[in-house]
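As a plain string of letters, each chain reads:
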Amino acid sequence: MLFWLKKTLTIPFLPLYFSLLSGLFGLTLLCLTKRQKLARFALFCSLGSLLLFSNKGVAMRLVGPLENRYPPIPEIHSQAELPSELKACVAIVVLGGGHSDVPAMSRVNQLSTASMSRIGEAVRLSRWLPDAKFVTSGHHLKEISHAQVLAEAAMSLGIAPERIVRMDEPRDTEDEILGLAQRFPGKPVAIVTSAWHMPRTMELCTHFRVKAVPCPTDYLLKLTPEQSPEYVGWDLESLEQSTRAIHEYLGILWLRLRGK
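Quantities reported herein were computed from a predicted structural model and do not represent experimental measurements.

Trainee: Now, about the overall build of the chain: what can you tell me, with residues and values included?
Mentor: Along the chain, the regular secondary structure elements total 11 helices and five strands. Dimensions of the chain along its principal axes, counting C-alpha atoms only, are 70 × 45 × 45 Å. Buried residues in the chain amount to 47% of all 260 residues. Nonlocal contacts in the chain, meaning residues at least 24 apart in sequence, comprise 73% of its contacts between residues at least 6 apart.

Here it is as structure tokens:
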């Protein structure tokens, strides 16, 4: 119940849905009532939100604080270059990021962009952590779970089947981290997820006392420190970036309201 309540409450605050809902509300008032000022205000909010959140500079300002919280794991050329905290990890955990159900496609091609980045980074790290378990996670409403799709994609990329541990039950990040707390109590694990998703993940790890080493991937912004926000450009990619960032900020707020 709480899971679906969270999903439902989030939708109206996402930029595109907010724009559509406020636009529909404004048009209804404009056509069916005499409340013209309120109608115009709603239509202004609809158009304004689209312009605001599809702006490149705004998207950078929203995404940047999320993605810059934890540094990426650098290129590794030898075992000696492996960070000490990563070397101690007993598992590499790939958090779920979605997939399609097209049977004609390979498991790798069924993965979403986020899942593809996550599985790729996890496979890269697995080369230097040969004794670590390879954990895949994610529920699915159909017969094949997301964890299974991730696991089969990992095997096609060279991960030995005996290394893989599947967590088929988790429906969201909170369920995933709780599952890790139960499977690996007190043991360090490498968490692989999108950079913009990592802050919320690490807050949950702290709450459930999971010894997590953040391994961010799937960066939306790939910028040098010298690059500054560009406030004179608008595109759909920026709208998507803003949407992902707002979704994460809402998720963090939801956790804090519940004391997590």
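After presenting the structure, the write-up continues.
Trainee: Outline helix α2 (residues 15–32), supporting the account with residue identities and numerical values.
Mentor: With 18 residues, α2 ought to run about 26 Å at 1.5 Å a step, and its terminal C-alpha atoms sit 25 Å apart, in line with that. Pro 15, Ser 19, Ser 22, Gly 23, Gly 26 and Leu 29 are the residues of α2 that are buried. Summarising the axial view, the buried residues of α2 lie within an arc of 130°, below the 170-degree limit, and thus occupy one face. In this structure, α2 carries Leu 20, Leu 24, Cys 31 and Leu 32 as exposed residues pointing more than 90 degrees from its buried face. On its buried face, α2 is in contact with α3 (36–53) and α11 (236–257).

Trainee: How would you summarise the pairing of strand β1 (residues 91–94) if you had to cite specific residues and measurements?
Mentor: Across the two faces of β1 the burial is the same, with Ala 91 and Val 93 and Ile 92 and Val 94 all buried. Of the pairings in the sheet, the one linking β1 to strand β2 (residues 133–137) comprises four bridges and is parallel in character. Paired with Ala 91 across the strands is Lys 133, a residue of β2.

Trainee: Lay out a nonpolar patch on the surface with the relevant residues and their values.
Mentor: Taken together, the side chains of Ile 11, Leu 16, Tyr 17, Leu 20 and Leu 21 define a hydrophobic patch exposed on the protein surface, amounting to about 470 Å² of accessible area. Residue placement: Tyr 17 occurs in helix α2.

Trainee: Explain the pattern of salt bridges residue by residue, including any values.
Mentor: Summed over the entire model, instances satisfying the criterion amount to eight salt bridges. Note that Asp 235 and Lys 56 form a salt bridge whose closest N and O atoms lie 3.9 Å from each other. One end of the pair, Asp 235, is in the loop between β5 (212–217) and α11; the other, Lys 56, is in helix α4 (residues 56–67), with 179 residues separating them in the sequence. Residue class for Lys 56 comes out partly exposed when judged on its relative accessible area of 28%. Notably, a salt bridge pairs Arg 200 with Glu 248, separated by 3.0 Å at the nearest N-O pair. One end of the pair, Arg 200, is in helix α10 (residues 198–207); the other, Glu 248, is in helix α11, with 48 residues separating them in the sequence. An identical accessibility class is assigned to Arg 200 and Glu 248; each is buried.

Reading the values: rules and limits
Residues numbered from 1 in each chain as written. Predicted model: local features only at pLDDT ≥ 70, side-chain atom pairs only at ≥ 80, totals over all residues. Heavy atoms only, no water. Helix = DSSP H or I, 4+ residues; strand = E, 2+ residues; numbered from the N terminus. Buried < 20%, exposed > 50% of the residue type's maximum accessible area, 1.4 Å probe, protein only. Contact = heavy atoms within 4.5 Å. Expected span 1.5 Å × (residues − 1). Arc of directions from axis to C-beta. Pairing = 2+ DSSP bridges. Patch = residues over 30% accessible without salt bridge, like charges linked within 9 Å, V, L, I, M, F, W, Y side chains within 5 Å. Areas by Shrake-Rupley, 256 points an atom, 1.4 Å probe, with all protein chains shown as cover. Salt bridge = Lys/Arg side-chain N within 4 Å of Asp/Glu carboxyl O.

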